[in-house]
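Remarks on the overall topology
Chain by chain, the residues run as shown.
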Amino acid sequence: MKYKCIDWHNILSLSKESPSGLIWKIRPSQAVKAGSSAGSISIVDDRPMWQMGYKGVTYICARVIMTMLNIEITDLYVDHKNGDSLDNSISNLRPVVPRINNLNTKLNKRNRVGHKCITEPYAGDFMVTTIKHGVRKTKYFSKKLFAEPLQEAIKYRDEQRLLIGGTVRGLT
């Protein structure tokens, strides 16, 4: 809601040249000149992200850009399609529900398998968990049953992702 309350077009311009994607039209403070890039890099939820301050309030630049494009984002996340949270180019941003936003996140630093949505509960055995309409289903790929259990798990995960619209998630 806080993003819609401001007429951003009087304050900022969209810019391909600015690393944040935004340039000030006005002088927002004594230290910042009109025509300069808006924002700075901050760490938000363990990820670097462009943020800017205006009248004592901090705003995420990607959300400001979407608001300036008249794209409704109230209950949505702004997803960076290429996974680079610092790339605020218009072609890289899209509004999504949280579960879709999580699909292109980077691997968790605790992920030992090296593949999203796949866990290794026992050495050489792999597990994929899917959730459809709130119902959790787990499938195991044992080295006793499969010559290449990891490859089978990857294949299954990718098939399920297509079948149920990207709601596969790993329990790590």
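See the structure shown above.
Every value quoted in this text rests on a predicted model; they were computed, and no experiment measured them. (Residues numbered from 1 in each chain as written. Predicted model: local features only at pLDDT ≥ 70, side-chain atom pairs only at ≥ 80, totals over all residues. Heavy atoms only, no water.)

Focus: the pattern of salt bridges
Formally: For this analysis, a salt bridge means a side-chain nitrogen from Lys or Arg found within 4 Å of a carboxyl oxygen belonging to Asp or Glu. Secondary structure follows DSSP: runs of H or I at least 4 residues long count as helices, runs of E at least 2 residues long count as strands, and numbering of each begins at the N terminus. Three labels apply to residues, based on accessible area from a 1.4 Å probe with only protein chains included: buried if under 20% of the type maximum, exposed if over 50%, partly exposed otherwise in between.
Counting across every chain of the model gives two salt bridges. The partner of R94 in a salt bridge is D79, with the nearest N and O atoms 2.7 Å apart. A residue pair is termed long-range when its members are at least 10 positions apart, and R94 in strand β7 (residues 93-96) and D79 in strand β6 (residues 77-80) qualify at 15 residues. Among the residues examined, R94 registers a relative accessible area of 32% and is labelled partly exposed.

Quick word on the state of the cysteines
Operational definition: The rule for a disulfide is simple: a pair of cysteine sulfur atoms within 2.5 Å.
Throughout the structure, instances matching the rule amount to zero disulfides. Cysteine C61 remains unbridged, with the sulfur of C5 as its closest cysteine sulfur at 18 Å.

Describing helix α3 (residues 149-163)
Using the following cut-off: For a helix, the expected span equals 1.5 Å multiplied by the residue count minus one. Directions are taken from the helix axis to each C-beta atom, and the arc is the one they span.
If you check α3, its first and last C-alpha atoms are 21 Å apart, about what 15 residues at 1.5 Å a residue would give, namely 21 Å. For α3, the set of buried residues is P149, L150, A153, I154, Y156, R157 and Q160. The arc that holds the buried residues of α3, viewed along the axis, is 165°, so those residues lie on one side. Opposite the buried face of α3, at more than 90 degrees from it, the exposed residues are L162 and L163.

Topic: the nonpolar core
Put simply, the rule is: Among buried residues, those of type Ala, Val, Leu, Ile, Met, Phe, Trp, Tyr and Cys that are joined through side-chain atoms within 4.5 Å constitute a nonpolar core. It only takes one pair of heavy atoms within 4.5 Å for two residues to be counted as in contact.
Counting residues in each nonpolar core, the largest one holds 24 residues, and the members touching the most others are W8, L12, L22, M52, Y54, Y59 and V64. Of all the elements, helix α1 (residues 61-68) adds the most residues to this core, at six residues. Once you skip the residues sitting within four places of it in the chain, Y54 turns out to touch I6, W8, I11, W24, I26 and Y59. Formed by nine residues, the second largest nonpolar core is a distinct cluster that contains I118, V128, A153 and Y156.

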